[in-house]
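Coordinate analysis (summary)
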Amino acid sequence: MFRSRTQALAALTASAVSLSLTLSALPATAAPAPPDENGPIPGFTEANAGWQRQYEKAFSSVPSPEVARALDAELSREPGLTTTSGDWRRVQRIVEHFRSYGLKPEIKTYYAYLSMPKRVSVEMTAPDRRTLPVKEKRHPWQKHFDDVIPGHNGLSPSGDVRGEVVYANYGRPEDFALLEKQGVSVEGKIVLARYGAVFRGVKPREAAKRGAKGVLIYSDPADDGFTRGEVYPKGPWRAPDGIQRGSIAQIQLAAGDPQTPGWPAVRGARRIPPSQAPMLKGLVPTTPISYGAAEPLLRALKGAEVPKEWQGGLPFPYRFGPGGTEVHLDLENTFEVRPLWDVVVRIPGSERPEQEVIVGAHHDSWTYGSSDNLSGTENVLQIGRGLGALLKKGWRPKRTIVLATWDGEEYGLFGSTEYAEQRAGQLRNAVAYVNMDGAGGSRFGPSTTPALDQSVIDATKEVQWPGTDGTLYEAWKKQNDGKTPIGRIGGGSDFQAFFQRYGVPAMDLGSSTPGSAGQYHCACDDYYWMSHFGDPTWGYHTAMSRLVGIAALRLANADVVALGYRPYAAETAKYLADFTEEQRKRLGSVVVDVSRSVKQAEAWQAAAQALQARADEALRKGDTDAFRRLNAKIMQTERDLLTDAGLPGRPWYKHQIYAPGIDTGYATQRLPALYDALFVDKDVRSAKEYEARLYRSLRAATRTLAPRGDG
């Protein structure tokens, strides 16, 4: 992972009766009944809610643990690194399954610039000389192990460098600042940093800024190894030889093929030179190693002891260096443009086929990928199987449902981004994008645009959660002290192009098991790990298939799409107030006045509340003409929050409320243009210009929701 129905009642009744007569012909392993089979569903008329629940019940009877287990055993039998022969065979298997469900999958080919490791050598040259391992040991059940690549940081420059080692904790900007305060320079050195806290690509970027020759990134046992519990294969946590692979492409600047930022990487596409690609700038040779390999390097370091918060889990005091430890890092990575393959299924809508609900998960993996992300891919397949069963009985969604498995996510969200860039025009009619990236564990963890919060909550009330006698909603609350925490879309998975470039409302629905961090991007992310530690009964996979399927069905069939902008506006007003306080804290005064934007956010909130009242009235009346007008407003509002100028220094990103943090990569930055311009670039004039853009966007969102002939 780098997470309206408008037909006339008579026609609806005929469709529903046809379905109800054939429910008994569907698989008999029905999911437990929802808490209230006759209850209302937000966005549906009372009559249509009844038919929708029948569809949901019929759909939920199809996904099964047995199918989930069989899919994983099949798809994870060999590594699936993007653009390789193993990836292509995985694509063919996915296509075959979709066809067996009566669906019509299409392979969409794109061409991406990426790296493959040709030579990876890490040698400790002082105080002792030893060659460090760059790949895990093979276990007897792991087939095609020769096809598992050695530890590799995708898109790292090649290099043959030697130098003293400096330990930099997590390699964050503040970590390098502490080194400087301690009088420790990394210029001409090789930085040793541990995984975690920020996106891995931030670490070499910050090291390069300060003159480092190269970077080694290791997984410390304090974060995901033996200090947390039993290690693989006895337990889920990372073993001493476990290596976390991963790309260091600067996805906080852009996503997709590095040479075609903003347009699709189809055959013959215009390409910029790699030296001009934002995703490849400011890097030094970087490779991952295990904590077993890092241990002698850390143990031999000289210099002052690190502060307590820098101490990892190995049984000796960590030191800053330099001195004591020297390393020879020799990387030869081959770079070329290679084909990758998305698999896409379209189920055309019966009433508004131009409007799409897109469900996606990436199928590529650094190694075997049972968790990351065959769990998501297998759930997309189970959803396809369920919808295929309905289609065979004459059912069709009101809006088009698109099911997709993306390729190339692990290198920089390649497949999903190229698809979105190729279909930029059609995405104006996309209702929502639903993502799964790691979706087969006991702990549920969603992130969304605020407009979809309630849709997630409502869907969780319809699915029984394994190991409990209640719903996912109840288990979610129990796991979080009675709360239902929903994160905000940030960075690191396939929702980015849809949401942050094209303004498609998005949700990322995932679940993980304690210990999941231990197999992340390791050769141990395999069927053995999943069947022993991740989801041995495959019940969580099945529940997640049902959850995402129900969420997608509701978005596709709603009379009035359930996107709620009142809480969105309220959150935005709070973000603006926080920005004002942050100015006082950092600068001592307010230099960018956002008071008019606060007032406009409040006006947007009032407009959203008024629109909801009109929608409720239209639903009571069954006013299909009003549904059409209301939906046009609802679908436009998220797009109003984009800016054509893009964010400061990273124009590929256009969403003004949420973006990946420039110094974190994954974590969500709220009001990114304002924060980047003022606190990163320290450009007051630019920050004021972006405040004006935001104000205009909030005014546009308010006007969009205003009652101009929408019923």
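Quick look at the overall build of the chain
A tally of helices and strands in the chain yields 21 helices and 17 strands. Here the C-alpha radius of gyration of the chain, 25 Å, is about what a compact globule of 711 residues would show, namely 27 Å. Expressed as lengths along the three principal axes of its C-alpha atoms, the size of the chain is roughly 85 × 65 × 55 Å. Within the chain, the proportion of its 711 residues that are buried is 63%. Surface accessibility of the chain: about 24,800 Å² in total, with carbon and sulfur atoms responsible for 50%. Side chains of the chain give 88 positive and 81 negative charges; the mean places of these two sets differ by 3 Å.

Things to note about helix α6 (residues 202-209)
The element α6 is largely enclosed, with a buried count of six among its eight residues. What α6 keeps buried is the set V202, K203, P204, R205, E206 and A207. On the buried face of α6, the contacting elements are α5 (173-181), β5 (190-194), β6 (214-218) and β8 (286-289). The positive-phi residue at the C-terminal boundary of α6 is G211, with phi of around 85°.

Quick notes on the pattern of salt bridges
Across all of its chains, the model carries 38 salt bridges by this definition. For E106, the salt bridge is made with K108, and the minimal N-O distance between the two is 3.4 Å. Between R210 and E206 there is a salt bridge, with its nearest N and O atoms 2.9 Å apart. Since its relative accessible area comes to 23%, R210 is described here as partly exposed. On the basis of relative accessibility, which here comes to 2%, the residue E206 falls in the buried class. In this structure, a network of salt bridges that share partners links the residues E180, R205, E206, K209, R210 and D663.

Section: the environment of G408
Inspection of the secondary structure puts G408 in the loop between β11 (399-406) and α10 (409-412). Residue G408 is classed as buried on the basis of its relative accessible area of 0%. For G408 and P485, which are 77 residues apart along the polypeptide, the C-alpha to C-alpha distance reads 30 Å. G408 has contacts with T82, L340, D364, L413, F414 and G415, leaving out every residue within four places of it along the chain.

A look at the packing of aromatic side chains
Across all of its chains, the model carries 33 aromatic pairs by this definition. Where W406 meets Y419, the ring centres are 5.1 Å apart and the plane angle is 50°; that geometry is what we call tilted. With W406 in strand β11 and Y419 in helix α11 (residues 414-422), this residue pair connects regions lying 13 residues apart in the sequence. The class of Y419 is buried, set by a relative accessible area of 1%. Between the aromatic rings of Y565 and W604, the centroid separation amounts to 6.3 Å while the plane-to-plane angle is 35°, which identifies the pairing as tilted.

Things to note about the packing of helix α9 (residues 370-391) against helix α16 (residues 539-557)
For the pair α9 and α16, the least separation of the axes is 9 Å and the interaxial angle reads 60°. The pairing of α9 with α16 is recorded here as oblique in orientation. The handedness of the crossing between α9 and α16 comes out as right-handed. Packed against α9, whose contacting residues are S375, E378, N379, Q382, I383 and L387, the element α16 presents H541, T542, M544, S545, V548, G549 and L553 at the interface. Residue classes in the contact of α9 with α16 are distributed as five nonpolar, seven polar and one charged.

Regarding the environment of G649
The topology assignment puts G649 in the loop between α19 (624-637) and β16 (658-660). C-alpha separation for the pair G649 and P707, spaced 58 residues apart in sequence, amounts to 37 Å.

Regarding the side chain of D458
Structurally, D458 can be placed in helix α12 (residues 453-460). The side chain of D458 is buried and forms no salt bridge, while K461, the nearest opposite charge, is found at 4.4 Å. In contact with D458, not counting residues within four places along its chain, are P42 and R554.

What to know about unusual backbone geometry
Generally, phi is negative for residues other than glycine and the peptide bonds are trans, each holding for most cases. For the bond from A126 to P127, the omega torsion is 0°, close enough to zero to count as cis. Relative to the helices and strands, P127 is located in the loop between β1 (105-126) and β2 (130-132). D372 connects to N373 through a cis peptide bond whose omega is 5°. Among the secondary structure elements, N373 is positioned in helix α9.

Observations concerning the nonpolar core
Counting residues in hydrophobic clusters, the biggest one holds 147 residues, and the most contacted among them are F98 and L403. With sequence-adjacent residues up to four places away left out, F98 is seen in contact with L103, P105, V343, V345, V380, L381, G384 and L403. Grouped together as the second largest cluster of nonpolar side chains are 46 residues, V165, A168, V186 and A300 included.

Some remarks on the packing of helix α17 (residues 566-587) against helix α18 (residues 595-621)
Two numbers describe how α17 lies on α18: the axes approach to 8 Å, and their chain directions differ by 170°. In this view, α17 runs roughly antiparallel relative to α18, as classed from their interaxial angle. Residue-level inspection shows R566, Y568, A569, A570, T572, A573 and L576 of α17 in contact with α18, the latter providing S597, V598, A601, W604, Q605, A608 and Q609. Here the residues of the contact of α17 with α18 are counted per class, giving nine nonpolar, four polar and one charged.

A look at helix α15 (residues 527-534)
Most of α15 sits inside the fold, with six of its eight residues counted as buried. Of the residues making up α15, those classed as buried are Y528, W529, M530, S531, F533 and G534. Next to the buried residues of α15 lie α3 (65-75), α9 and α16.

A few points about the environment of E164
The topology assignment puts E164 in strand β4 (residues 159-167). E164 sits in the partly exposed class, given a relative accessible area of 30%.

Quick look at the pairing of strand β10 (residues 352-362)
The buried fraction of β10 amounts to eight of the eleven residues, a majority that puts the element mostly inside the structure. In this sheet, β11 lies alongside β10 in parallel orientation, the contact comprising eight bridges. Looking across to β11, one finds that G360 is bridged to A404. Handedness of the β10-α9-β11 crossover: right-handed. Across five bridges, β10 lies against strand β12 (residues 430-435) in parallel orientation. By the bridge assignment, V359 is partnered in β12 with V434.

Basis of the calculations
Residues numbered from 1 in each chain as written. Predicted model: local features only at pLDDT ≥ 70, side-chain atom pairs only at ≥ 80, totals over all residues. Heavy atoms only, no water. Helix = DSSP H or I, 4+ residues; strand = E, 2+ residues; numbered from the N terminus. Rg over C-alpha atoms; globule rule 2.2 N^0.38 Å. Buried < 20%, exposed > 50% of the residue type's maximum accessible area, 1.4 Å probe, protein only. Areas by Shrake-Rupley, 256 points an atom, 1.4 Å probe, with all protein chains shown as cover. Lys, Arg positive; Asp, Glu negative; His and termini not counted. Charge placed at Lys NZ, Arg CZ, Asp CG, Glu CD. Contact = heavy atoms within 4.5 Å. Salt bridge = Lys/Arg side-chain N within 4 Å of Asp/Glu carboxyl O. Phe/Tyr/Trp six-rings, centres within 6.5 Å; stacked < 30°, edge-to-face > 60°. Axes fitted to C-alpha atoms, helices over the stretch in contact; angles between N-to-C directions. Parallel < 35°, antiparallel > 145°, perpendicular 65-115°, else oblique. Left-handed = near helix turned anticlockwise from the far one by under 90°. Nonpolar A, V, L, I, M, F, W, Y, C, P; charged D, E, K, R; others polar. Core = buried A, V, L, I, M, F, W, Y, C linked by side-chain atoms within 4.5 Å. Pairing = 2+ DSSP bridges. Right-handed = clockwise from strand over helix to strand, strands pointing away.

These results come straight from atomic positions and should not be treated as a statement about function.
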